[in-house]
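So you can see what is in the structure, the chains are spelled out below.
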Amino acid sequence: MQQSPSDKGTVSHCFPAGNRLRYHVEETEQETRPQEGMNMAQEILDRPSYTLDSPERTIRNLVSLVVAAVPLLSLASSCARGAQSDEFGPGRLAGVVQNDQIREASGIVASRQNPGVLWVHNDSGDSARVFAINEKGEFLGTCVLGGVTARDWEDIAVGPGPDPNRQYLYVGDIGDNLARYPDVTVYRVLEPKIDPATPFGVMTIEPADAIWFTYPGGPRDAETLFVDPLTRDLYILSKREFFSKVYQAPYPQSTTGRTELKQVASLPWGFAVAGDVSPDGRRVIVRGVFNASMWDRTPGQPLWKAFAGRHTPLPLIPEKQGEGICFDAKGTGYFTIGEREHPPLHFFGPADPNAARSSAPR
Ligand SMILES: [Ca+2]
Ligand SMILES: [Ca+2]
């Protein structure tokens, strides 16, 4: 399996070797805040500007790295300490994914038409397939996307598509650690009907539409994809910025040529790694490297305008390389998952189930 430093493990030492900055990666089972800080350091190191050409510049830039990391850490910390949502409980372990094929869960989404089914996929290095698990993390089966390749899959979404009355899976092949690819692709395929109580083995789902995107201003790395269930517009959020950018591709998206995304908003923080829209289209959640926030959309409002409003920090449980978040099928709670073998699946339900804000019309 291909492994790039920016995708795998946790950087614990970095040092100049020859004219290039090399990475020495060590795996650790610790799941601590300091560890996440190191992950953040790795995220910053992954940025192309830290590809160095001399030991002297290496030292200078490492100093800059530390300086740059401090406000980032402070920002994340302040988010965590701020007016965190009291709507959701502190979270619990819903289960542990025991299947060995799911070794780097890079994206997760809850099926709307198959309540109790979650779709997950691996990061770069896997074939074009998604896995179905249930809300306990138990494996249900594998769906191979026929005729599709996987370069660096980073997020998955579900929602309507060409047939507004059917549900589609959207898979974002949008990872671009070094911002070098001329385009990125979102694959769209009809979602199969799955029974959350019945394992189904392996099935092929096809045909898949390929939707190619470019960014204004050149390539970008992104790990966040979601679809507006009310309009079928696609959204991709850039990752490697202090204020992640929100890009939109209105429906209908072309499947015959590249479409340039349009930047429509920015987040109040950066390094977005996952996101989702509630089934009723009224709420958006986005996860950062070690924080997450939720935005409310007022009725009739374009989804992207919600990002101009107040955001509510959400509780998270630290996860190793945690970069998956999704609403549950009702939109009253959310799941998170991280990139490690046998990852824990965490669920954050309503703090007060009787007062749960439902997806039903208010
Ligand atoms: Ca990746
Ligand atoms: Ca991801």
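Owing to the predicted nature of the structure, the values given are computational and were not obtained by experimental measurement.

### Some thoughts on the sheet that holds strand E4 (residues 105-110)
Hydrogen bonds between backbone atoms are what pair the strands of a sheet, whose relative direction is either parallel or antiparallel. Taken in spatial order, the 5 strands of this open sheet run E4-E5-E6-E7-E11, and their pairing is mixed. In this open sheet, the two strands that pair with only one neighbour each are E4 and strand E11 (201-205). Strand-to-strand twist in this sheet, taken as the mean axis angle between neighbours without regard to direction, amounts to 25°. Bridge count between strand E6 (residues 129-134) and strand E7 (residues 139-145): 5 bridges; the pairing is antiparallel. Within the sheet, the bridge partner assigned to Phe131 lies in E7 and is Thr142.

### Overview of the sheet that holds strand E12 (residues 209-214)
Spatially, E8-E9-E10-E12-E16 is the arrangement adopted by the 5 strands of the open sheet, whose pairing is mixed. Only two strands of the sheet have a single partner each, and these edge strands are strand E8 (155-160) and strand E16 (259-260). In the sheet, E8 pairs with strand E9 (residues 167-173) via 6 bridges, with the strands oriented antiparallel. For Pro160, the partnering residue across the bridge sits in E9 and is Gln167.

### So, the confidence of the model for the protein
The share of residues in the protein with pLDDT of 70 or more is 75%, and the mean pLDDT across the chain is 82. Across residues 1-71 the pLDDT falls below 50, and counting only partners more than four positions away or on other chains, this stretch makes 85 contacts in the model. Here residues 73-82 scores under 50 on pLDDT; set against residues more than four positions off or in separate chains, the count is 12 contacts.

### Considerations on unusual backbone geometry
With an omega of -5°, the peptide bond between Glu206 and Pro207 qualifies as cis. Omega for the peptide link from Tyr251 to Pro252 comes to 0°, which places this bond in the cis form. Along the polypeptide, Pro252 turns up in the loop between strand E15 (245-249) and E16. With a phi angle near 70°, Arg232 is a residue other than glycine that sits in the positive phi range. Tracing the backbone through its elements, the reader meets Arg232 in the loop between strand E13 (222-227) and strand E14 (234-238).

### Regarding the nonpolar core
One finds Ile108, Val120, Tyr170, Ile236 and Phe335 to be the most contacted residues of the largest nonpolar core, which totals 83 residues. For Ile108, the contacting residues outside a window of four places in its chain are Leu118, Trp119, Val120, Ile156, Gly324, Cys326, Phe335 and Ile337.

### With respect to the pairing of E12
Both strand E10 (residues 184-190) and E12 contribute to a ladder of 5 bridges, which runs antiparallel. Considered in E12, the bridge of Tyr187 is made with Ala210. Bridge analysis of E12 against E16 gives 2 bridges, and the strand direction is parallel. Bridging across to E16, Thr214 finds its partner in Glu260.

### Some remarks on the pairing of E4
A large share of E4 lies buried, amounting to 6 of its 6 residues. Pairing between E4 and strand E5 (residues 117-122): 5 bridges, direction antiparallel. The partner of Ala110 across the bridge, within E5, is Leu118. Hairpin connection of E4 to E5: 6 residues between the antiparallel strands, including Gly116 at a positive phi of 100°.

### Overview of the environment of Pro90
With respect to the secondary-structure elements, Pro90 resides in the loop between helix H2 (55-81) and strand E3 (92-96). Owing to 9 C-beta atoms within 10 Å, Pro90 belongs among the exposed residues under this scheme. With 258 residues separating them along the chain, Pro90 and Phe348 place their C-alpha atoms 6.5 Å apart.

Calculation notes
- Residues numbered from 1 in each chain as written.
- Chains lettered and ligands numbered in written order.
- Predicted model: local features only at pLDDT ≥ 70, side-chain atom pairs only at ≥ 80, totals over all residues.
- Pairing = 2+ DSSP bridges.
- Helix = DSSP H or I, 4+ residues; strand = E, 2+ residues; numbered from the N terminus.
- Axes fitted to C-alpha atoms, helices over the stretch in contact; angles between N-to-C directions.
- pLDDT = per-residue confidence, 0-100.
- Contact = placed C-beta atoms within 7 Å.
- Core = buried A, V, L, I, M, F, W, Y, C linked by C-beta atoms within 7 Å.
- Buried ≥ 20, exposed ≤ 12 C-beta atoms within 10 Å, placed from the backbone.

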